Amino acid sequence: SEARLWGGRFTGASDPLMDLYNASLPYDKIMFDADLTGTKVYTQGLNKLQLITDDELAKIHEGLEEIRKEWQNGTFVEKPGDEDIHTANERRLGEIIGKHIAGKVHTGRSRNDQVATDMRIFVRETLTKLLDFLATFIGSIIKRAESEIDVLMPGYTHLQRAQPIRWAHWLSSYATYFTEDYKRLQQILERVNQSPLGAGALAGHPYGIDREFLAAGLGFNDVIGNSLTAVSDRDFVVETLFWSSLFMNHISRFSEDLIIYSTAEFGFIQLADAYSTGSSLMPQKKNPDSLELLRGKSGRVFGSLAGFLMSLKSIPSTYNKDMQEDKEPLFDAMTTVEHSILIATGVISTLSIKKEKMEGALTMDMLATDLADYLVRRGVPFRETHHISGECVRKAEEEKLTGIDQLSFEQFQSIDSRFEKDVMDVFDFEVSVERRTATGGTAKSAVLKQLKKLTDQLN
Ligand code: ARG
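Since this is a predicted model, take the numbers as computed values, not measurements.

### Details of the nonpolar core
So, step 1. Core analysis: the biggest nonpolar cluster contains 108 residues, and Ile138, Ile141, Ala145, Leu171, Ala175 and Val337 have the highest contact counts within it.
So, step 2. A per-element tally of this core places helix α7 (residues 111–147) first, with 14 residues.
So, step 3. When neighbours within four sequence positions are excluded, Val337 is seen to be in contact with Leu130, Ser244, Phe247, Met248 and Val301.

Following this line, the structure appears as C-alpha cells:
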C-alpha cells in the first residue's frame with residue numbers, strides 16, 4: 001500500500017485483481033491534458049491563498065509541463081499504484097520536483113472535484129471539435145445540393161413512390177436534421193462548461209478558494225452552485241451520450257436511404273471505391289460497407305447511453321465509484337461519433353449519382369395528386385377531386401395504359417366534364433415540383449432558400 005496515494009490508513013495488501021478492477025488509468029489517461037491544466041490553475045488558486053509560494057508555484061508549473069511533454073511523446077512511465085490519471089500525474093510530479101512541494105498541490109482538492117473538472121474539460125474540447133467536423137459535413141451536403149439542384153427523383157412514403165422531389169430536397173432534409181444536431185450541441189456545451197473545481201470532496205473548500213477565479217482560468221462560463229452537485233453530477237455525460245445517440249440515429253437513417261438507393265434495383269447512386277468493399281467470393285460485388293457501419297455503429301452508441309443511465313440511476317449522493325463507469329461509454333461514443341462524421345463526410349462528397357436512373361424511376365401515377373389539384377384550381381373541392389383523380393388512375397389501369405397521362409382527352413371528359421384540354425399540362429414532373437414553392441417545399445426556389453438558411457445557421 002506504500003505506492004498508493006491514499007495508503008496511510010491501510011495495512012493489508014489489496015487483491016491484485018481488485019487493483020486491475022479498480023484502475024481507470026488504461027482509459028482515463030486520454031484526459032492527461034485536462035488533468036494537468038486543471039492542476040495548473042488549481043495551484044494558482046492555492047497560491048492566491050498563500051498556501052503555495054510563488055517559487056513553489058513556478059516549480060509545480062514546470063513539473064506539470066514536463067509531464068505533459070512525457071504524455072505527448074509517449075515517454076510517460078506508468079507505475080504500479082497509478083490508479084488513474086490523477087494519481088499518476090501527482091506521483092510523477094513528486095518524482096520531478098520533490099514530494100515536499102508536489103505534496104501541496106492537492107490541498108483542499110479531492111479527486112472528486114478533480115475528475116469532474118477533467119471530464120468537463122475533456123467533453124467540452126471533444127464537443128467543440130465535433131462541432132467543427134459537423135459543420136464541414138453539413139457544408140458538403142449543402143454544396144452537393146446546390147450543384148445538383150436540377151436532378152429530380154421519386155420521393156417516398158412507406159417506401160412506395162409518392163411524389164416527385166428534387167434530389168437536393170432529399171439532401172437538404174438531412175442537412176436540416178444535422179443542423180438541428182449542431183444547434184443542440186451548442187446548447188449542451190453551455191451546460192457542460194461549468195466548473196466543479198473547488199468543491200472539495202463534497203462539502204466545499206476549507207480555505208475559501210476563489211472558485212470563480214478557477215472557473216475563469218479554465219475557460220468555464222460558470223461555477224456549479226452546490227458542492228454536492230458539483231462532484232456528483234454526471235448529467236453532462238448523459239446529455240452528451242443522448243446527443244450522440246440522436247445524431248447516430250440520423251446518421252443511420254441517412255445511411256439506410258443511401259444503401260437502398262445504391263442497390264441495382266434503384267441504382268440512384270454509386271459509392272466511391274474509397275468507401276466500398278468487395279466480396280471475397282463474388283467478384284462482381286461492391287458493397288456499401290461504410291454505410292452499413294454507420295448504420296450499425298449507431299447501436300453501440302445507444303447502448304452506451306442506456307448502460308450509463310443504468311449505472312447512474314441509483315447512485316446516492318455524492319461521489320461513488322460507480323461514477324468511474326462514465327468514462328468508457330463516453331470515450332467510446334466520442335470516438336465512434338467523430339469517426340462516423342468523418343466517414344459520412346467522405347461518403348457524401350464522393351458518391352456519384354445516376355440522374356437517368358433517378359428521373360427514370362418517376363412514374364406518372366406520382367402525379368395523381370397534381371391531377372386532383374388541377375380540378376381544385378377550377379373550384380372543385382379537394383375531397384371530390386381526390387376521388388376523380390382516383391377514377392382516372394383506375395381507368396388507366398383497366399385500359400392497361402402505361403400511365404394516367406395516356407388517357408385520351410375524351411376519357412378524361414367522360415370521367416369528369418370539368419377537365420379541359422390543358423389537363424395534359426399536368427403530366428410534367430418539373431411542373432409538379434415547381435408548384436411547391438411554399439417554404440420548405442421542393443421547388444428550386446424553396447430548396448435554395450432552405451440551403452441558404454442552413455448555411456446561415458452554421459455561421
Ligand atoms: N478514477 C476515479 C473516477 O474516474 C477518480 C475519482 C476517484 N475518487 C475517489 N474518491 N475514489 O471516478
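Read on, since the account is not over.
### Details of the site of the ligand
So, step 1. Neighbouring the ligand are the residues Ser24, Asp28, Asp84, Arg111, Asn112, Val115, Tyr319, Lys321, Met323 and Gln324.
So, step 2. The greatest single-element share of the shell around the ligand, amounting to 3 residues, is contributed by α7.
So, step 3. Each of domain 1 (7–102) and domain 2 (111–201 + 221–360) accounts for three or more of the residues forming the shell around the ligand.

### Here's the deal with the pairing of strand β1 (residues 152–157)
So, step 1. Examined bridge by bridge, β1 and strand β2 (residues 160–166) share 6 bridges and lie antiparallel to one another. Paired with Met153 across the two strands is Ile165, which belongs to β2.
So, step 2. Linkage of β1 to β2, two consecutive antiparallel strands, is achieved through a turn of 2 residues, within which His158 is found at a positive phi near 55°.

### What about unusual backbone geometry?
So, step 1. Here the amide bond leading from Ser317 into Thr318 is cis, since omega sits at -5°, within 30 degrees of zero.
So, step 2. One can find Thr318 in the loop between α12 (289–312) and α13 (327–350).
So, step 3. The phi torsion at Gln50 lies on the positive side, around 60°, for a residue other than glycine.
So, step 4. Within the secondary structure, Gln50 is located in the loop between α3 (32–48) and α4 (54–73).
So, step 5. Take Gln50: there are 9 C-beta atoms within 10 Å of it, and that puts it in the exposed class.
So, step 6. The backbone of His158 shows a phi angle near 55°, a positive value even though the residue is not glycine.
So, step 7. With respect to the helices and strands, His158 occurs in the loop between β1 and β2.
So, step 8. For His158, a count of 6 C-beta atoms within 10 Å puts it in the exposed group.

### Digging into the domain arrangement of the protein
So, step 1. Assigned domains of the protein: these are domain 1 (7–102), domain 2 (111–201 + 221–360) and domain 3 (364–458).
So, step 2. Placing the centre of domain 1 and that of domain 3 at their C-alpha centroids yields a distance of 71 Å.

Cut-off values and rules
Residues numbered from 1 in each chain as written. Predicted model: local features only at pLDDT ≥ 70, side-chain atom pairs only at ≥ 80, totals over all residues. Core = buried A, V, L, I, M, F, W, Y, C linked by C-beta atoms within 7 Å. Buried ≥ 20, exposed ≤ 12 C-beta atoms within 10 Å, placed from the backbone. Helix = DSSP H or I, 4+ residues; strand = E, 2+ residues; numbered from the N terminus. Contact = placed C-beta atoms within 7 Å. Near = placed C-beta within 6 Å. Domains from an automatic or database assignment. Pairing = 2+ DSSP bridges.

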